[in-house]
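Coordinate inspection notes
Given next are the chains, with one letter for each unit.
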Amino acid sequence: MKVVYTSNAPAAIGPYSQAMITGNLLYTSGQIPVDPATGNISGEDISAQAEQVCKNLKAVLDEAGTSFERVVKTTCFLSDMNDFAAFNAVYEKYFVSKPARSCVAVKQLPKSVLCEIELIAEV
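Before going into details, it helps to say that this report is about the structure given with it. (Residues numbered from 1 in each chain as written. Predicted model: local features only at pLDDT ≥ 70, side-chain atom pairs only at ≥ 80, totals over all residues. Heavy atoms only, no water.)

With that out of the way, let us pick up the overall build of the protein chain. Looking only at helices and strands, the protein chain has two helices and six strands in total. Along the protein chain, from the amino end to the carboxyl end, the secondary structure elements read β-β-β-α-β-α-β-β. Taking the principal axes of its C-alpha atoms as reference, the protein chain extends roughly 40 × 30 × 20 Å. The 123 residues of the protein chain split such that 41% are buried. Within the protein chain, contacts between residues at least 6 apart in sequence are counted, and of these 68% link residues at least 24 apart. Carbon and sulfur atoms form 52% of the exposed surface of the protein chain, whose accessible area is close to 6300 Å². Between the mean site of the 10 positive side-chain charges and the mean site of the 13 negative ones, the protein chain shows a separation of 4 Å. (Helix = DSSP H or I, 4+ residues; strand = E, 2+ residues; numbered from the N terminus. Buried < 20%, exposed > 50% of the residue type's maximum accessible area, 1.4 Å probe, protein only. Contact = heavy atoms within 4.5 Å. Areas by Shrake-Rupley, 256 points an atom, 1.4 Å probe, with all protein chains shown as cover. Lys, Arg positive; Asp, Glu negative; His and termini not counted. Charge placed at Lys NZ, Arg CZ, Asp CG, Glu CD.)

Moving on, we get to the state of the cysteines. According to the stated counting rule, one finds zero disulfides in the structure shown. No disulfide involves C76; its sulfur sits 5.0 Å from that of C103, the nearest cysteine. (Disulfide = S-S within 2.5 Å.)

Turning to the nonpolar core, a few remarks are in order. L26, F68, F87, F95, I117 and L119 are the most contacted members of the largest nonpolar core, which has 28 residues in total. Here this core takes nine residues from helix α1 (residues 46-64), the largest share from any one element. Excluding residues within four positions of it along the chain, F87 makes contact with I46, A50, C76, L78, R101, C115 and I117. Counting five residues, the second-largest nonpolar core is a separate cluster that includes I32, F77, L109 and V113. (Core = buried A, V, L, I, M, F, W, Y, C linked by side-chain atoms within 4.5 Å.)

Only one face of strand β3 (residues 25-28) is covered, namely the one carrying L26 and T28; the face carrying L25 and Y27 has none of its residues buried. By the bridge criterion, four bridges tie strand β2 (residues 19-22) to β3 in an arrangement that is antiparallel. When the bridges of β3 are listed, T22 appears paired with L25. Once β2 ends, the chain turns through two residues before running back antiparallel as β3, passing G23 with a positive phi of about 60 degrees. Strand direction decides the pairing type here: β3 and strand β6 (residues 115-122), joined by three bridges, are antiparallel. Across the sheet, residue Y27 finds its bridge partner in β6, namely I120. (Pairing = 2+ DSSP bridges.)

This part is about the packing of aromatic side chains. Ring pairs (aromatic) are described by centroid distance and by the angle formed between their planes. Tallied over the full model, the rule gives four aromatic pairs. Consider the rings of F68 and F95, whose centres lie 4.9 Å apart with planes at 85 degrees: the pair is edge-to-face. One end of the pair, F68, is in the loop between α1 and β4 (71-78); the other, F95, is in the loop between α2 (84-94) and β5 (100-105), and 27 residues separate them in sequence. No difference in accessibility class separates F68 from F95, as the two residues are buried. Among the aromatic residues, ring-to-ring pairing joins F68, F87, Y91, Y94 and F95 into one connected group. Taking the ring centre of Y91 as reference, the NZ or CZ of R101 above it sits at 4.5 Å. (Phe/Tyr/Trp six-rings, centres within 6.5 Å; stacked < 30°, edge-to-face > 60°. Lys NZ or Arg CZ within 6 Å of the ring centre and 35° of its normal.)

Take it as geometry only, folks, not as evidence of what the structure does.
So, in structure tokens, the structure goes:
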């Protein structure tokens, strides 16, 4: 196994890695809309927060030598399912290969953000 770390995505908040590679698969930890340059939450609404989450995931994918086109599965967490359509509008710009996906509403996310995404990709 190989640990993946980039300073272009937020550092882990707890005792975990940004991502791990095993075999030819990358498993990311959930990314939330933290701006890696400031450590602050980026954006007030679901669209802005989803954009930052996708930028963070891109940084991790880049560091691992892969891309959104090679993502095979995502798990998406929303704090409010009423944000589903706006979230999808951002999501579909990045995940153009339409990987398998689960999307669930949760009671609360870290730092009270509006969304979080984790993914599995080929490397």
